[in-house]
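Topology and contacts: notes
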Amino acid sequence: MYEPIRTRSLHSMADDAEYPHRSREEELDIQLAGHLSALLAVTDELGLDAAAERIASQISRLRGAPPVRHAGRSGADPAALHRRAHALAGRALVVAASRADTAAAILSAERMDAHTAALTDTHLVGAH
């Protein structure tokens, strides 16, 4: 009653051999390096050179190449930059924990603490 399909469907998946696939570990490495790169840009913007070098070394370890560095400062509000850096460090911490990357997790947690302290100091200074 029905004629059999003789051609491949346009909606079927392509042959697996044609496309490279990444492992979960590789995907997490890419994601972690991305979060750390964004954190590095904000850290450079804040002028925190020692912290920026530590973040850059983690990115180099994950990517196998040194990261591109932030060229200049935009003059953005430091409190806003600290809040952004805190959020980015938090994202990096989540990925580092799921990847079981102790070095990146410790660095991310330390950066979160540093940005929390900076925000607390900013609020105290502004209160006087």
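Before going into details, it helps to say that this report is about the structure given with it.

Criteria and cut-off values
Counting restarts for each chain: residues are numbered from 1 in the order of the written sequence. Two thresholds apply to this predicted model, a pLDDT of at least 70 for residue-level local features and 80 or more for giving and counting side-chain atom pairs, whereas whole-chain, interface and lining totals are computed over all residues. Side-chain measures were taken over the full set of non-hydrogen atoms in the model, leaving aside hydrogen atoms and water. Within this scheme, the nonpolar core is defined by two criteria: the residues are buried Ala, Val, Leu, Ile, Met, Phe, Trp, Tyr or Cys, and they are joined through side-chain atoms within 4.5 Å. The classification of residues rests on relative accessible area computed with a 1.4 Å probe and restricted to protein chains. Under 20% of the type maximum is buried, over 50% is exposed, and intermediate values are partly exposed. Helix numbers and strand numbers start at the N terminus; a helix is a DSSP run of H or I with at least 4 residues, a strand a run of E with at least 2. Whether two residues are in contact is decided by their heavy atoms, any of which lying within 4.5 Å being enough. Between the first and last residue of a helix there are one fewer steps than residues, each counted as 1.5 Å, and that sum is the expected span. Throughout this description, a polar contact denotes any pair of N or O atoms lying within 3.5 Å of each other; where both atoms belong to protein, one of them has to be capable of donating a hydrogen while the other can accept it, and for residues adjacent in sequence the pair is counted only when both atoms sit in side chains. When a carboxyl oxygen of Asp or Glu lies within 4 Å of a side-chain nitrogen of Lys or Arg, that pair is called a salt bridge.

**Details of the nonpolar core**
Residues Leu32, Leu36, Leu39, Leu40, Val42 and Ile55 are the most contacted members of the largest nonpolar core, which totals 24 residues. Sorting the residues of this core by element identifies α1 (24-46), α2 (49-63), α3 (78-99) and α4 (102-127) as the ones contributing at least two each. In terms of residue count, the dominant contributor to this core is α1 (8 residues). Every residue in contact with leucine 39, bar those within four places of it in the chain, is listed here: Ile55, Ala85, Leu88, Ala89, Arg111 and His115.

**Section: α1**
End to end, α1 covers 33 Å across 23 residues, agreeing with the expected 33 Å (1.5 Å per residue, within 8%). At the exit of α1 stands glycine 47, carrying a positive phi of roughly 80 degrees.

**Overview of the environment of aspartate 77**
In this fold, aspartate 77 is placed in the loop between α2 and α3. Remark: the alpha-carbon pair of aspartate 77 and leucine 46, spanning 31 residues in sequence, is separated by 9.5 Å.

**Focus on the side chain of arginine 99**
Considering the arrangement of structural elements, one finds arginine 99 in helix α3. Side chain to side chain, arginine 99 and aspartate 101 meet in a polar contact 2.6 Å long. What arginine 99 contacts, discounting residues up to four positions off in sequence, is Glu25, Leu28, Asp29, Leu32, Arg61 and Leu62.

**So, the pattern of salt bridges**
By the definition in use, this model includes 8 salt bridges. When the shortest N-O distance is used, the salt bridge between glutamate 27 and arginine 22 registers 2.7 Å. Between aspartate 101 and arginine 61 there is a salt bridge, with its nearest N and O atoms 2.6 Å apart. You can see aspartate 101 sitting in the loop between α3 and α4 and its partner arginine 61 sitting in helix α2, a full 40 residues away along the chain. Relative accessible area serves as the criterion here: at 5%, aspartate 101 is assigned to the buried category. The network of salt bridges with common partners includes Glu25, Asp29, Arg61, Arg99 and Asp101.

**Digging into unusual backbone geometry**
At alanine 100, a residue that is not glycine, the phi angle is positive and equals roughly 65 degrees. Within the element layout of this structure, alanine 100 appears in the loop between α3 and α4. What makes alanine 100 exposed here is its relative accessible area of 65%.

By themselves, these are just geometric observations and shouldn't be taken as functional.
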